[in-house]
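# Secondary and tertiary structure notes
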Amino acid sequence: MTIVQKMRSQLGPAMKARDAAKTAFLRYWIAQLTLATGDEMADADAIKKMRSVLKEAKSGVTTFTADEVERLREWVPASLAPDQIVELLAPVADPIRAAPKDGMALGIAMKALAGRTVETEDVKAAVASLRGQP
């Protein structure tokens, strides 16, 4: 079941319960994640779109309320914690330290973390700590 299908399945009960906030949230996101052709956006693209809103909210610049942001977090898979990232980078710690530039070190780290849900800022912090930078 896709994210949009799950949202649609929750829309009816939210409307029956007269939960205006949840109904509005679900309607908004169903519309955002449905393409002009009527097809649903792929889950990976949907999660990417929702993550960008969460990242925007984290920076403090958002049009969404705190309640809407919290509801959105329920739909997005959790990212790895910074300490988990450091653990996963342990096997490639030497190449990260040996990289001549920070960008190269970050590239090594991102390749090692491929397929995992991580925040770029957390990976940058982990790489900086491995390289002995503040």
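Refer to the preceding data block for the structure.
Residues numbered from 1 in each chain as written. Predicted model: local features only at pLDDT ≥ 70, side-chain atom pairs only at ≥ 80, totals over all residues. Heavy atoms only, no water.

## Digging into the overall build of the protein
In terms of regular secondary structure, the protein is built from 8 helices and 0 strands. Start at the N end of the protein and walk to the C end: the helices and strands fall as α-α-α-α-α-α-α-α. Taken over C-alpha atoms, the radius of gyration comes to 19 Å for the protein, far larger than the 14 Å a tight globule of 134 residues would show. Projected onto its principal axes, the C-alpha positions of the protein cover 60 × 30 × 25 Å. Counting over 134 residues, the protein shows a buried share of 30%. Here the protein has roughly 8500 Å² of accessible surface; of this, 56% comes from carbon and sulfur atoms. Between the centroid of the 19 positive side chains of the protein and the centroid of its 17 negative side chains there is a distance of 2 Å. (Helix = DSSP H or I, 4+ residues; strand = E, 2+ residues; numbered from the N terminus. Rg over C-alpha atoms; globule rule 2.2 N^0.38 Å. Buried < 20%, exposed > 50% of the residue type's maximum accessible area, 1.4 Å probe, protein only. Areas by Shrake-Rupley, 256 points an atom, 1.4 Å probe, with all protein chains shown as cover. Lys, Arg positive; Asp, Glu negative; His and termini not counted. Charge placed at Lys NZ, Arg CZ, Asp CG, Glu CD.)

## A few points about the environment of Tyr28
Among the secondary structure elements, Tyr28 is positioned in helix α2 (residues 20-32). Note on Tyr28: relative accessible area 36%, which makes it partly exposed. Put simply, Tyr28 and Pro95 are 67 residues apart on the chain and 45 Å apart in space, counted from C-alpha to C-alpha.

## Notes on the environment of Gln10
In this fold, Gln10 is placed in helix α1 (residues 3-16). The exposure class of Gln10 is partly exposed, given its relative accessible area of 30%. For the pair Gln10 and Lys22, spaced 12 residues apart in the sequence, the C-alpha separation amounts to 9.1 Å. In contact with Gln10, other than residues within four places in its own chain, are Lys22, Leu26 and Trp75. (Contact = heavy atoms within 4.5 Å.)

## Digging into the packing of aromatic side chains
Throughout the structure, instances matching the rule amount to 3 aromatic pairs. With a centroid separation of 6.2 Å and 20 degrees between ring planes, the pair formed by Trp29 and Phe64 is classed as stacked. Placement of Trp29 in helix α2 and of Phe64 in the loop between α3 (43-58) and α4 (66-73) is noted, with a sequence separation of 35 residues between them. Neither Trp29 nor Phe64 differs from the other in exposure class; each is buried. Grouping aromatic residues by their ring pairs yields a cluster made of Tyr28, Trp29 and Phe64. (Phe/Tyr/Trp six-rings, centres within 6.5 Å; stacked < 30°, edge-to-face > 60°.)

## Observations concerning α4
Taken as a whole, α4 has its buried residues at Val69, Arg71 and Leu72. Around the axis of α4, the buried residues are gathered within 160 degrees of arc, so they sit on the same side. The secondary structure elements touched by the buried residues of α4 are α2 and α3. (Arc of directions from axis to C-beta.)

## What to know about α2
Over its 13 residues, α2 extends 18 Å from the first C-alpha to the last, a length consistent with the 18 Å expected when each residue adds 1.5 Å. Those residues of α2 that fall on the buried side of the exposure criterion are Thr23, Phe25, Leu26, Trp29 and Ile30. Down the axis, α2 shows its buried residues gathered within 165 degrees of arc, on one side only. (Expected span 1.5 Å × (residues − 1).)

## As for the pattern of salt bridges
Within this structure, the stated rule accounts for 7 salt bridges. In this structure, the salt-bridge partner of Arg97 is Asp94, at a minimum N-O distance of 3.1 Å. On the criterion of helical spacing, the pair formed by Arg97 and Asp94 is a turn pair, its members being 3 residues apart in helix α6 (residues 93-98). Of the charged contacts, one joins Glu121 and Lys124 as a salt bridge, the two residues approaching to 3.9 Å between their closest N and O atoms. Taken together, the residues Glu121 and Lys124, both in helix α8 (residues 120-130) and 3 residues apart, mark about one turn of the helix. (Salt bridge = Lys/Arg side-chain N within 4 Å of Asp/Glu carboxyl O.)

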